[in-house]
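Listed below, chain by chain, are the residues.
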Amino acid sequence: MRKTLFAAAAILLASATGLTGASAADKLKVGFIYLGPVGDFGWTHQHNVGREELIKALGDKIETTYLENVAEGPDAERSIEQLVRAGNKLIFTTSFGYMDPTLKVAKKYPNVHFEHATGYKRDKNMATYSARWYQGRYIQGQIAAKMSKKGLLGYIGSFPIPEVVSGINATILGAQSINPNIKVKIIWANTWFDPGKEADAAKALFDQGVDIVMQHTDSPAAVQIASERGALAFGQDSDMIKFGPKTQLTSIIDTWGPYYIERVKAELNGTWKSEDTWGGIETKMFVMAPYTNMPDDVKKMAEDTQAAITKGTLHPFKCPVLAQDGKEVECKGSGHLADGQILGMNFYVKGIDDAIPGK
Amino acid sequence: MGLVEAIILSVIAASTPLLLAATGELVVERAGVLNLGIEGMMIVGAACGFAGALYTGSTLIGALCGIGAGVALSLIFAAMALGLAVNQVASGLALTILGVGLSGLIGAGFVGERIAIAPRLNIQGLTNIPLIGRILFGQDMFVYVSVALVVATWWFLYRSRAGLILRAIGDNHISAHALGYPVLKIRTLAVLFGGACAGLAGAYLPLAYTPFFIPGMTAGRGWIALALVVFSSWRPARLVIGAYLFGAVTILQLHAQGAGVGVPSQLMSALPYLATVIVLVLISRARTGGSTAPAALGNVFVPDR
């Protein structure tokens, strides 16, 4: 009985907040679902920066709401639906695990538009968007190869999924373009976010003799450990220069702002369409943090590579791409691997002396 | 610094927060109270510990702030679970949820701030002894406190009269009450001690482990500490074994991956949990057989009026 009472009270409270939220009906309401806290200094933080840019650009025409710390799974479905009921007409769900919940809610509310980050399922009222971070990792690989004295790099992976594997491959291809004999040690943390474990992984890599660490996990722990050791590292998601002023070489910074502004403008003009956006450095879907802690010639090389990728004259997965066993990977794109091959990448390129876990 | 020394230093760092939090919970559970709010108390301890150190520049004051935060939060638990005799499982879980929210609120302004890492002991001559010097004489204060705490806890539980009363209350609060022991008072003190330990364990993370604050940085360590208490069959010595074993396997699996040992990383990441469970179950079976859970664990006590 007590439980039912609590539940009833909770529902009342939730609907009450929903009602107050729906009062300003003339503005377009835009909702966001976040995986982590906005202060995580990584993934969610950057989505929230994008939302703030959106407010700056279109603030008088829209009203935004966000829900943070929304767990992936059934909880997400409730949260997305809550945003719909509160009157949001365009809803961004910003993590891979929200894919099915978003699709379910989208089918239920055909008049609301949904945008899901980093997924592959779409519908008439559900679009997807992501970024070509592998382009930035190719640049980082080149810098790492130039800066490493031992020719041994350390890489902290989160989960062995295609996005992370393609990031490792792009890094190594970039590094090999400078030093064909470059070696890499890979440690999987099997978590996106555990600063303690990320720090331990970085320590283990340095103790085993690498001199540069790069990461595909979300906290600044690795940068900080590198800074303690007087070594070099790359940031992730955000500019982490604060955590290693003499350590960070550069960082891939997710910049969702321009995309959010463009999509909300389309919604306001009535031209919103469900599509798949996979933007790169050329559309500013991400940017590189300033190239620091490196000699001028390395910096120039990085800037030149960035310019070439932006112009489209250089593709990180330019054919021929050799798989680990030395065999050429079938080239389905025009002169480079096709998008589908990158999105589903489940092999290491030649020169990585390791195996993808579980393969 | 040799590889072995480096590994041992990392192991100690990884084990210390678990040992601190689990020692506190051991005393709480020995008194018959199940507090599932460790994760919440730890993360608030981390936020307040960081804040304290940031404003004063002192690791010690930071640690005290962490302890204070843990105690304050455990006071809420004591009021609910002991004062109002609410279900302990539910109030413990609520405490964790509250703690996670509070830490985000407290820590919102500190994300991206930097503090100096906790100072390490440095005794000329002793710290410089090869291999063991830094391990024995070059740690930060948290490591020494954690070891002292678990020894003191062992002594208190098994060699002091007060410890005997505490264990008696955990095993049979009704008899203890009939004998005239103040059940609620002793349980409250135990809960506050547990809160202090969890707060200190939380403060360890931003002060010594990874010197910055980010919401959610405890990453489930409170739950691991809770599990360690159960698997150690509520015994301090086994708790030490469990905590250090867990830390050791965590670090070793990272090194094994870096060295290219061909075992799937998902399995390696599960290894610390598997190894700790297996070893602790084995030692429990070999020595005494059967579980030694406090008999009144989790039962609410309402004194007859």
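Everything that follows concerns the structure shown earlier in this document.
The structure displayed is predicted, hence computed values, not measured ones.

(A) Spotlight on the packing of helix H7 (residues 195–207) of chain A against helix H8 (residues 221–228) of chain A. Residues and elements named next belong to chain A. Interaxial distance between H7 and H8 falls to 8 Å at its minimum, and their mutual angle equals 40 degrees. With respect to H8, the element H7 is oriented oblique. For the pair H7 and H8, the sense of crossing is right-handed. Seen from H7, the contacting residues are Pro195, Glu198, Ala199, Ala202, Lys203 and Phe206; seen from H8, they are Ala221, Ala222, Ile225 and Ala226. Among the residues forming the contact of H7 with H8, the class breakdown is 8 nonpolar, no polar and 2 charged.

(B) Structural view of the pattern of salt bridges. Residue and element names in this part refer to chain A. Evaluation of the coordinates by the stated rule reveals 15 salt bridges over all chains. Linking glutamate 275 and arginine 263 is a salt bridge whose minimum nitrogen-to-oxygen distance equals 3.6 Å. In this pair, glutamate 275 is assigned in the loop between helix H9 (257–269) and strand E11 (276–279) and arginine 263 in helix H9, connecting sequence segments 12 residues apart. Look at glutamate 275 and you get partly exposed, because its relative accessible area is 32%. When its relative accessible area of 4% is taken as the criterion, arginine 263 is described as buried. Note that aspartate 304 and lysine 300 form a salt bridge whose closest N and O atoms lie 2.9 Å from each other. Pair noted here: aspartate 304 and lysine 300 are both in helix H10 (residues 296–311), with a separation of 4 residues, about one helical turn. Residue classification places lysine 300 among the partly exposed positions, given a relative accessible area of 49%. Via salt bridges that share partners, Glu81, Arg85 and Lys108 belong to a single interconnected network.

(C) Seen up close, the sheet that holds strand E7 (residues 183–188) of chain A. Residue and element names in this part refer to chain A. Spatial ordering of the open sheet is given by E7-E6-E8-E9-E10-E12, a layout of 6 strands whose pairing is mixed. Each end of this open sheet is capped by a strand with a single partner; those strands are E7 and strand E12 (286–288). Pairs of neighbouring strands in the sheet enclose a mean axial angle of 15 degrees, with direction left out of account. Against the sheet, H7 contacts strand E6 (152–157), E7, strand E8 (212–215) and strand E9 (232–237), and its axis sits at roughly 160 degrees relative to E6.

(D) Looking closely at the interface of chain A and chain B. Tallying the contact residues gives 35 residues for chain A and 30 residues for chain B. In this assembly, chain A packs against chain B so that about 2,800 Å² is buried in total across both faces, 58% of it on carbon and sulfur atoms. On the surface where chain A and chain B come into contact, there are 1 salt bridge. The closest approach of N and O atoms between arginine 221 of chain B and aspartate 194 of chain A, which form a salt bridge, is 3.1 Å. Of the residues forming the side of chain A that touches chain B, the biggest block, 9 residues, is contributed by H7 of chain A. Residue composition of the side of chain A that touches chain B, grouped by class: 17 nonpolar, 8 polar and 10 charged.

(E) Seen up close, the packing of aromatic side chains. One pass over the structure, following the stated rule, counts 24 aromatic pairs over all chains. Judged by centre distance (5.4 Å) and plane angle (50 degrees), the ring pair of tyrosine 134 of chain A and phenylalanine 317 of chain A falls under tilted. With a gap of 183 residues between them, tyrosine 134 of chain A in helix H5 (residues 133–147) and phenylalanine 317 of chain A in the loop between H10 and helix H11 (339–343) connect regions that are remote in the sequence. Where tyrosine 204 of chain B meets tyrosine 209 of chain B, the ring centres are 6.0 Å apart and the plane angle is 40 degrees; that geometry is what we call tilted. Here the two residues tyrosine 204 of chain B and tyrosine 209 of chain B agree in accessibility, since each one is buried. Through pairs of rings, three or more aromatic residues link up here, namely Phe32, Tyr34, Trp43, Tyr66, Phe92, Tyr129, Trp133, Trp256, Tyr259 and Tyr260 of chain A.

(F) View of unusual backbone geometry. Residue and element names in this part refer to chain A. For the peptide bond that leads from cysteine 319 to proline 320, omega is 0 degrees, which places it in the cis range. Looking at the secondary structure, you find proline 320 in the loop between H10 and H11. Phi is positive for lysine 284, which is not a glycine, with a value near 60 degrees. With relative accessibility at 53%, the residue lysine 284 sits in the exposed group.

(G) A look at the pairing of E7 of chain A. In terms of residue burial, E7 of chain A counts as a mostly covered element, since 5 of its 6 residues are buried. One crossover worth recording links E6 of chain A to the parallel E7 of chain A by way of helix H6 (residues 162–176) of chain A, and it is right-handed.

(H) Expanded view of the packing of helix H2 (residues 38–56) of chain B against helix H4 (residues 88–107) of chain B. Residues and elements named next belong to chain B. The N-to-C vectors of H2 and H4 enclose an angle of 15 degrees; their axes lie 7 Å apart at closest approach. The orientation of H2 with respect to H4, classified from their angle, is roughly parallel. As H2 runs across H4, the sense of the crossing is left-handed. Where H2 abuts H4, its residues Ile38, Glu39, Gly40, Met41, Ile43, Val44, Ala47 and Cys48 lie against Leu95, Thr96, Gly99, Val100, Leu102, Ser103, Ile106 and Gly107. Its residues placed into classes, the contact of H2 with H4 shows 10 nonpolar, 5 polar and 1 charged.

(I) Representation of the pairing of strand E4 (residues 113–117) of chain A in the model. Residue and element names in this part refer to chain A. Counting buried residues along E4, 5 of its 5 residues qualify, which places the element largely inside the surrounding structure. Here E4 shows a buried face lined by His113, Glu115 and Ala117 and a second buried face lined by Phe114 and His116. Relative to E4, strand E3 (residues 90–93) runs parallel, the two sharing 4 bridges. Directly across from leucine 90, in E4, lies its bridge partner histidine 113. Handedness of the crossover joining E3 and E4 through helix H4 (residues 99–108) is recorded here as right-handed. As paired strands, E4 and strand E5 (residues 126–131) are joined by 4 bridges and run parallel to one another. What sits directly across from glutamate 115, in E5, is alanine 127.

(J) Quick peek at the sheet that holds E3 of chain A. All names here are of chain A. Spatial ordering of the open sheet is given by E2-E1-E3-E4-E5-E11, a layout of 6 strands whose pairing is parallel. Every interior strand has two partners, whereas the edge strands, strand E2 (62–67) and E11, have only one. Taking each pair of neighbouring strands and ignoring which way they run, the sheet shows an average axis angle of 15 degrees. In the sheet, strand E1 (residues 28–33) pairs with E3 via 4 bridges, with the strands oriented parallel. Paired with phenylalanine 32 across the strands is phenylalanine 92, a residue of E3. Running over the sheet, H4 touches E3, E4 and E5 and is turned about 170 degrees from E4.

Here is what the cut-offs are and how they apply
- Residues take numbers from 1 onward in each chain, read along the sequence in its written order.
- The lettering of chains begins at A and the numbering of ligands begins at 1, in the order of writing.
- In keeping with the model being predicted, local features are shown solely for residues with a pLDDT of at least 70 and side-chain atom pairs are shown and tallied solely at 80 or more, while totals for entire chains, interfaces and linings include all residues.
- Derived side-chain values reflect all non-hydrogen atoms in the structure, with water molecules and hydrogen atoms excluded from consideration.
- Angles run from 0 to 180 degrees between N-to-C directions of axes, and those axes are lines fitted to C-alpha atoms, restricted for helices to the stretch in contact.
- A run of H or I in DSSP counts as a helix once it spans at least four residues, and a run of E counts as a strand once it spans at least two, with each numbered from the N terminus.
- Roughly parallel means an angle under 35 degrees; roughly antiparallel means over 145; roughly perpendicular covers 65 to 115; every other angle is labelled oblique.
- Note on convention: the crossing is left-handed when the near helix lies turned anticlockwise from the far helix by less than a right angle, right-handed when the turn is clockwise.
- A contact between two residues is defined here by any heavy atoms of the two lying within 4.5 Å.
- Throughout, the ten residues Ala, Val, Leu, Ile, Met, Phe, Trp, Tyr, Cys and Pro are labelled nonpolar, Asp, Glu, Lys and Arg are labelled charged, and all others, Gly among them, are labelled polar.
- We define a salt bridge as a contact between a side-chain nitrogen of Lys or Arg and a carboxyl oxygen of Asp or Glu at a distance within 4 Å.
- Burial classes follow relative accessibility: with a 1.4 Å probe on protein chains only, a residue under 20% of its type's maximum area counts as buried, one over 50% as exposed, and anything between as partly exposed.
- Two strands qualify as a pair provided that DSSP identifies no fewer than 2 bridges between them.
- Throughout, buried area stands for the accessible area (probe radius 1.4 Å) lost by two parts on being put together, summed over both.
- Ring pairs are drawn from Phe, Tyr and Trp, using the six-membered ring of Trp, whenever the two centres fall within 6.5 Å, and their geometry is named by plane angle: stacked under 30 degrees, edge-to-face over 60, tilted for the rest.
- With the strands aimed away from the viewer, a crossover counts as right-handed if its path from the first strand over the helix to the second runs clockwise.

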